[in-house]
Amino acid sequence: YLKPAPNLRHYYHYADPAHKYDMIRASLSPPTELHLPSRCAIHAPRGTAKTITLFHGVFSMIACTRPGTVMLMSQANATLTEEKMRDFRLAVEENELIHRDFGGPGELFPKSSQGARRWNDKTLHFLNAAQIIGVSTGSKHRGRRALVGLIDDPDDGENSLLAEWRKKFFRWLFHVYIPIFGPGGYITWMQTTTNKFCPLVAALGHGDDAMQN
């Protein structure tokens, strides 16, 4: 539905990377502990289709085929998060293949951002009750519940050099973000590692001791 769509040609300059389906399998794999959500960490260089695969691909598939599913997308800050949400919104609004099989404006998604169901660069509320909510890392989530979450490059390559930022990020991750998801949920954290203090490096057990702090 995405790669053949005329409106998405600008996303697909190259052949799919060999690890594309490995990322999907890892992201949607069963949990290692049944009382917790599935948790997956993925690192890969820029330009290896992480966002187009796990955000555009996986989230659009779930939104079309799993009514009522709430999903969260988080980037390093509000501006980047809204940019990704806008890209996703336009990709759905202009995708003739999705419209053909799942419905277009007024069927799968609202015709405008007006009304009870929000359709904008912060919240995409599909008419089948699936939702995609864009919230930056570090944001509050009081009372929010979701089934699927994606953290995409939570640092900008410089703030991770600061020990205080790393501690704050991990406090948010463990005490605010992960508790949103219960058993049966899926959390994927994907990142391009930019330095040895990158939070994903610590999460994978290499180098920095931020996880213990």
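Residues numbered from 1 in each chain as written. Predicted model: local features only at pLDDT ≥ 70, side-chain atom pairs only at ≥ 80, totals over all residues. Heavy atoms only, no water.

Visitor: Which residues make up the pairing of strand β1 (residues 38–43), and what are the values?
Guide: Alternating positions in β1 separate cleanly, Ser38, Cys40 and Ile42 being buried on one face and Arg39, Ala41 and His43 remaining unburied on the opposite face. In this structure, β1 lies alongside strand β6 (residues 186–191), joined through six bridges in parallel fashion. Residue pairing in the sheet places Cys40 in a bridge with Thr188 of β6. (Buried < 20%, exposed > 50% of the residue type's maximum accessible area, 1.4 Å probe, protein only. Helix = DSSP H or I, 4+ residues; strand = E, 2+ residues; numbered from the N terminus. Pairing = 2+ DSSP bridges.)

Visitor: Before we move on, can you summarise the layout of surface pockets with the specific residues and values?
Guide: In this structure, the largest pocket spans a volume of roughly 960 Å³. Along the wall of the largest pocket there are 39 residues; nearest its centre are Ala49, Lys50, Thr51, Ile52 and Thr53. Those elements giving two or more residues to the lining of the largest pocket turn out to be α1 (20–27), α2 (50–65), α3 (78–93) and α4 (96–102). Ranked by residues supplied to the lining of the largest pocket, first place goes to α2 with eleven residues. Looking at the lining of the largest pocket residue by residue, the class counts come to 18 nonpolar, eleven polar and ten charged. Estimated volume of the second largest pocket: approximately 220 Å³. Along the wall of the second largest pocket there are eleven residues; nearest its centre are Arg39, Ala41, Leu173, Trp189 and Ala203. For the lining of the second largest pocket, the elements supplying multiple residues, two or more each, are β1, α5 (163–177) and β6. Element by element, the count of residues in the lining of the second largest pocket is highest for β1, at three residues. For the lining of the second largest pocket, the residue count by class is ten nonpolar, no polar and one charged. (1 Å grid on protein atoms, 1.4 Å probe; cavity = no way out; pocket = protein on both sides within 12 Å on 5 of 7 lines; lining within 4 Å. Points joined across faces, edges and corners; volume = space filled by probe spheres on them. Nonpolar A, V, L, I, M, F, W, Y, C, P; charged D, E, K, R; others polar.)

Visitor: Which residues make up the state of the cysteines, and what are the values?
Guide: Overall, the coordinates contain zero disulfides when judged by the stated rule. The thiol of Cys40 is not disulfide-bonded; the next cysteine sulfur, from Cys198, is found 16 Å away. Residue classification places Cys40 among the buried residues on the basis of a relative accessible area of 12%. (Disulfide = S-S within 2.5 Å.)

Visitor: Please provide a residue-by-residue account of the packing of α1 against α2, values included.
Guide: How two helices sit against one another is set out by the angle between their axes and by the gap between those axes. Where α1 meets α2, the closest approach of the two axes is 10 Å, and the angle between their N-to-C directions is 50 degrees. Taken together, the axes of α1 and α2 are oblique relative to one another. The hand of the α1/α2 crossing is right-handed. Each of Lys20, Met23, Ile24 and Ser27 in α1 lies in contact with α2, whose residues at this interface are Lys50, Thr53, Leu54 and Val58. Residues belonging to the contact of α1 with α2 are distributed by class as follows: four nonpolar, two polar and two charged. (Axes fitted to C-alpha atoms, helices over the stretch in contact; angles between N-to-C directions. Parallel < 35°, antiparallel > 145°, perpendicular 65-115°, else oblique. Left-handed = near helix turned anticlockwise from the far one by under 90°. Contact = heavy atoms within 4.5 Å.)

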